[in-house]
Amino acid sequence: MGDEIRVPIDSDADIVIARQQGRALAERIGFSATDQTIIATAISEVARNIIKFAKRGEIILSTTMKNPERGVVVVARDQGPGIVDIQLALQDGYSTGNGLGMGLPGCKRLMDELEIKSSKGKGTIVTMKKWTT
Amino acid sequence: MEVPILKQGDFLIATFQAALTDEDLLQLQDALVARVGKFRSHGVIVDVTALDVMDSFAARTLRALAHMVRLRGAETVIVGIQPEVAFAMVQLGLSLEGVPTALDLEEGLAQLMKASERKGATFRGR
């Protein structure tokens, strides 16, 4: 494993690059077409959050293993304003941007694991994992 | 990448060729809303068969597009949502509520044709 792909997120075109890279990685480690699309969709949402709230950041894609399952790890990192209330941000229907309030709760449903680390004024790190089953 | 828009009789057909950026989606929205007037179109088909991902932005833009086109007096049908894209949309919690969808281009055209006939019939009936 060990291959790590870093995609700088700076404009809306980078959102497409990040999700395409994520799909390709998911395909390489044996995810189904449906799971590839699910992973790409979740990447699209977290990359969009970076643009919307922090203007720039990066998506780091890698693979992991938990025998016999293989997994894809998506880390979305920015140095934006941070999330004040993480519980609230994970609540369905909650949104501070002009989105549909689907972002993070939606990603949690799409992926197997989602973890947020954030401190006000310092930025946000969202880590998502999905396992082949 | 700009989305080509084809004029077919009373209808406009926009076919996504690949993954689109937010900018591309907004451009398509503006172009379609303008062309409905220019060509006096009765219906618009947006073919998303080649779309890789329908995320919250894409869904919101397509809904807005359909509503704007309706305000201009025409109907929109979204066609070609792939099974895995539909699956991911439902998981994410996205809907295209209020926007007609059809399996493919053929079904979409049939749907628009019916809607167009109904409109004509009501008008003549007055």
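First, a word on scope: everything that follows refers to the structure included in this document. Worth saying up front: this structure is predicted, and the values here are computed from it rather than measured.

### Side note on the environment of His67 of chain B
Residues and elements named next belong to chain B. Within the secondary structure, His67 is located in helix 2 (residues 56-71). The class for His67 is partly exposed, based on 13 C-beta atoms found within 10 Å. As a C-alpha pair, His67 and Gly98 span 31 residues in sequence and 8.5 Å in three-dimensional space.

### Side note on helix 1 (residues 12-28) of chain A
Residue and element names in this part refer to chain A. When the terminal C-alpha atoms of helix 1 are compared, their 25 Å separation across 17 residues agrees well with the 24 Å that a helix rising 1.5 Å per residue should span. Residues of helix 1 that are buried sit in contact with strand 1 (4-9), helix 2 (33-54), strand 2 (57-66) and strand 3 (69-78). Of the residues one or two after helix 1, Gly30 is the one with positive phi, at around 95°.

### Section: the sheet that holds strand 2 (residues 11-15) of chain B
Residues and elements named next belong to chain B. Reading across from one edge, 1-2-3-4-5 is the order of the five strands in this open sheet, with mixed pairing throughout. The sheet is open, and its two borders are formed by strand 1 (5-8) and strand 5 (101-102), each paired with just one other strand. In the sheet, strand 3 (residues 43-47) pairs with strand 4 (residues 75-79) via five bridges, with the strands oriented parallel. Note that in strand 4 the partner of Val44 across the bridge is Thr76. Each of strand 1, strand 2 and strand 3 is contacted by helix 1 (residues 22-38), which is oriented at about 165° to strand 2, the strand it contacts most. Where helix 2 meets the sheet, it contacts strand 3 and strand 4, and its direction lies at approximately 150° from that of strand 4.

### A closer look at the interface of chain A and chain B
Counting residues at the interface gives 21 residues for chain A, matched by 18 residues for chain B. Elements with a contribution of two residues or more to the side of chain A that touches chain B: helix 1, helix 2 and helix 4 (103-110) of chain A. Of the residues forming the side of chain A that touches chain B, the biggest block, nine residues, is contributed by helix 2 of chain A.

Procedures and definitions
Residues numbered from 1 in each chain as written. Chains lettered and ligands numbered in written order. Predicted model: local features only at pLDDT ≥ 70, side-chain atom pairs only at ≥ 80, totals over all residues. Helix = DSSP H or I, 4+ residues; strand = E, 2+ residues; numbered from the N terminus. Buried ≥ 20, exposed ≤ 12 C-beta atoms within 10 Å, placed from the backbone. Expected span 1.5 Å × (residues − 1). Contact = placed C-beta atoms within 7 Å. Pairing = 2+ DSSP bridges. Axes fitted to C-alpha atoms, helices over the stretch in contact; angles between N-to-C directions.

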